[in-house]
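The residues making up each chain are set out below.
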Amino acid sequence: MCGTFKSMRRNLEATIETFPIAGLFTISRGSKTEAEVVTCVIEENGVFGRGECVPYKRYGETVAGVVADIRSAAGEIARRGAGREELQTLMKPGAARNAVDCALWDLEAKLEATPVFRTLGITPEPITTAFTLSLGEPGAMAAEAEKNAHRPLLKVKLGTADDESRMRAVTSAAPRSRIIVDANEGWTEENIEDHLRIAREVGIALIEQPLPAGRDGMLTRIDRLVPVCADESVHATDDLGALRNRYDAVNIKLDKTGGLTEALRMKAEAKRLGFQVMVGCMVGTSLAMAPAALLAQDVEYADLDGPLLLARDREPALRYEGSTLFPPPSELWG
Ligand SMILES: CC(C)C[C@H](N)C(=O)N[C@H](CCOc1cc(O)cc2c1C(=O)N[C@@H]2C)C(=O)O
Ligand SMILES: [Mg+2]
């Protein structure tokens, strides 16, 4: 409960941590070999709450800027005891607020000996996550798809001039998997209708962010032959209204909403407006996925595979068995 600890003194720390990626993760905007995350730890009376965020260059965020933003809010949180509700006005939506918000959820759960899932009134169950295939040449993507053809849900990174070959290659290599295509803003007004026709022909389930954010108005005028999901075009609850006739689904990420508190509001409003919901993630560890795994309990798509791409994770980590993600242990978060 927010505000309960106002008279208590809290200490807040923000640190940068690096986790190596197993191999290379590539999309149309570039490649990564490691996940650089910011961890926020808030302590009160020897009890620690932790939250993790992943700053994203696409949204003008850097790790140094995010650490600075967290530290500048630290006075209000640590000395004055600002809680989660005040945090929503103290910091803007984005990665920095996510780390602090999730650390506060974790701290409050531990101080009150009440797990977050209980506060949310849910009984978390294992969920199926998407598994992401990097962008590559059609043959290489087909080989990766074949290797992962046992997985029920694949997310395929596209956004090139020749996505037709790639869509055909991955769908024939993994014929039993449901496939999400994430074009990462890489399609154009000229090629989107052709791409949608091919996507429907080969049985793609969902197309994520085909057109650039801010230049996606055409989506209201075309026949969306495959459901279209907003990612870069949607950050928080206030964005939803304008997207109503443009998108069929929205990808909610804690690093965009600025934490679980706003993400819960956004999910409720998205459902009320009739959107399908995906809960997504950045390239982060189990600590970043844990709150998202609770958020994803009742949505159409969970895309929480960050740790599956890492060569090293938190300890304890989330348990994944294939593409099944189990509820987070409280020693990890919540
Ligand atoms: C481990 C996957 C990337 C996580 C998820 N399935 C996913 O696809 N998320 C992306 C957003 C994260 O993408 C990032 C993060 C990053 O730090 C750097 C990059 C990207 C990316 O897509 N390209 C660059 C390399 C999503 O839903 O769009
Ligand atoms: Mg995306």
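In the block above lies the structure referred to throughout.
A brief look at the structure comes next. Remember, it's a predicted structure, so these values are computed and weren't measured experimentally. (Residues numbered from 1 in each chain as written. Chains lettered and ligands numbered in written order. Predicted model: local features only at pLDDT ≥ 70, side-chain atom pairs only at ≥ 80, totals over all residues. Heavy atoms only, no water.)

1. Focus on the overall build of the protein chain
Part 1 of the argument: Secondary structure assignment for the protein chain yields 10 helices and 14 strands.
Part 2 of the argument: Over its C-alpha trace the protein chain gives a radius of gyration of 20 Å, about what one expects of a compact globule, namely 20 Å for 334 residues.
Part 3 of the argument: Projected onto its principal axes, the C-alpha positions of the protein chain cover 60 × 40 × 35 Å.
Part 4 of the argument: The 334 residues of the protein chain split such that 57% are buried.
Part 5 of the argument: A separation of at least 24 residues holds for 67% of the contacts in the protein chain among residues at least 6 apart in sequence. (Helix = DSSP H or I, 4+ residues; strand = E, 2+ residues; numbered from the N terminus. Rg over C-alpha atoms; globule rule 2.2 N^0.38 Å. Buried < 20%, exposed > 50% of the residue type's maximum accessible area, 1.4 Å probe, protein only. Contact = heavy atoms within 4.5 Å.)

2. A few points about the sheet that holds strand β14 (residues 324-325)
Part 1 of the argument: In spatial order, the strands read β4-β14-β13; together these 3 strands make up an open sheet with antiparallel pairing. Of all the strands in the sheet, the pair left with one neighbour each is β4 (127-128) and β13 (320-321).
Part 2 of the argument: Inspection of the sheet shows β13 paired to β14 by 2 bridges, in the antiparallel sense. Looking at β14, one finds that Glu 321 is bridged to Thr 324. (Pairing = 2+ DSSP bridges.)

3. Quick word on the state of the cysteines
Part 1 of the argument: With the rule as written, the count across this model stands at 0 disulfides.
Part 2 of the argument: Looking at Cys 40, it has no disulfide partner, and the nearest cysteine sulfur is the one in Cys 53, 8.4 Å off.
Part 3 of the argument: Cys 40 sits in the buried class, given a relative accessible area of 0%.
Part 4 of the argument: Cys 102 supplies the cysteine sulfur nearest to Cys 281, a cysteine that is in no disulfide, at a spacing of 13 Å.
Part 5 of the argument: Under the relative-accessibility criterion, Cys 281 is labelled buried at 15%. (Disulfide = S-S within 2.5 Å.)

4. Side note on the coordination of the magnesium ion (ligand 2)
Part 1 of the argument: Protein-derived ligands of the magnesium ion (ligand 2) are Asp 182 (OD), Glu 208 (OE) and Asp 231 (OD), with the metal-ligand distances lying across 2.1 to 2.3 Å.
Part 2 of the argument: Binding-site remark: the magnesium ion (ligand 2) is held by donors from one chain whose sequence spacing is D-x25-E-x22-D. Separated by 49 residues along the polypeptide, Asp 182 in strand β7 (residues 178-182) and Asp 231 in the loop between β9 (228-230) and β10 (249-252) bring together distant segments of the chain. Of the two residues, Asp 182 and Asp 231, both sit in the buried class. (Donors = N, O, S within 2.8 Å, 3.2 Å for Na, K, Ca; no water.)

5. Thoughts on the sheet that holds strand β8 (residues 206-208)
Part 1 of the argument: What the 8 strands build is an open sheet, ordered β5-β6-β7-β8-β9-β10-β11-β12; its pairing is parallel. The outermost strands of the open sheet, each flanked by one partner alone, are β5 (131-133) and β12 (301-302).
Part 2 of the argument: With respect to the sheet, helix α9 (residues 260-272) is in contact with β10 and β11 (276-279), its orientation differing from that of β10 by roughly 175 degrees. (Axes fitted to C-alpha atoms, helices over the stretch in contact; angles between N-to-C directions.)

6. Focus on the nonpolar core
Part 1 of the argument: Within the largest apolar cluster, 70 residues are counted, with the highest numbers of intra-cluster contacts made by Leu 304 and Trp 333.
Part 2 of the argument: The element contributing the most residues to this core is helix α10 (residues 286-295), with 8 residues.
Part 3 of the argument: The next biggest cluster of nonpolar side chains, apart from the first, holds 23 residues, and it includes Ile 42, Val 63, Leu 87 and Ala 99. (Core = buried A, V, L, I, M, F, W, Y, C linked by side-chain atoms within 4.5 Å.)

7. Looking at empty space enclosed by the protein
Rolled over the atoms, a probe with the dimensions of a water molecule shows which regions are left empty.
Part 1 of the argument: On inspection of all chains with the given rule, the structure shows 2 cavities of 30 Å³ or more.
Part 2 of the argument: Forming the boundary of the largest cavity are Val 54, Asn 98, Lys 253, Leu 254, Asp 255, Gly 280, Cys 281, Met 282, Ala 288, Met 289, Ala 292 and Leu 304.
Part 3 of the argument: Residue assignment for the lining of the largest cavity shows that the elements contributing at least two residues are α8 (254-257) and α10.
Part 4 of the argument: Here the lining of the largest cavity gets 3 residues from one element, more than from any other, and that element is α10.
Part 5 of the argument: If you count residues domain by domain, the lining of the second largest cavity takes at least three from each of domain 1 (10-116) and domain 2 (127-325). (1 Å grid on protein atoms, 1.4 Å probe; cavity = no way out; pocket = protein on both sides within 12 Å on 5 of 7 lines; lining within 4 Å. Points joined across faces, edges and corners; volume = space filled by probe spheres on them. Domains from an automatic or database assignment.)

8. As for the layout of surface pockets
Part 1 of the argument: Quantified by volume, the largest pocket comes out at close to 770 Å³.
Part 2 of the argument: Together, 32 residues line the largest pocket, and Phe 25, Lys 32, Tyr 56, Met 282 and Val 283 are the ones closest to its centre.
Part 3 of the argument: Broken down by secondary-structure element, the contributors of at least two residues to the lining of the largest pocket are β1 (11-27), β2 (30-44) and β6 (153-157).
Part 4 of the argument: Per-element accounting of the lining of the largest pocket gives the leading share, 5 residues, to β2.
Part 5 of the argument: When residues of the lining of the largest pocket are assigned to domains, at least three map to each of domain 1 (10-116) and domain 2 (127-325).
Part 6 of the argument: If you add up the space inside the second largest pocket, you get close to 290 Å³.
Part 7 of the argument: Taken together, 18 residues make up the lining of the second largest pocket; nearest its centre are Leu 24, Phe 131, Thr 132, Ser 134 and Glu 144.
Part 8 of the argument: Residue assignment for the lining of the second largest pocket shows that the elements contributing at least two residues are β1, β5 and α5 (138-147).
Part 9 of the argument: The greatest single-element share of the lining of the second largest pocket, amounting to 5 residues, is contributed by β1.
Part 10 of the argument: Looking at the lining of the second largest pocket residue by residue, the classes come out as 11 nonpolar, 5 polar and 2 charged. (Nonpolar A, V, L, I, M, F, W, Y, C, P; charged D, E, K, R; others polar.)

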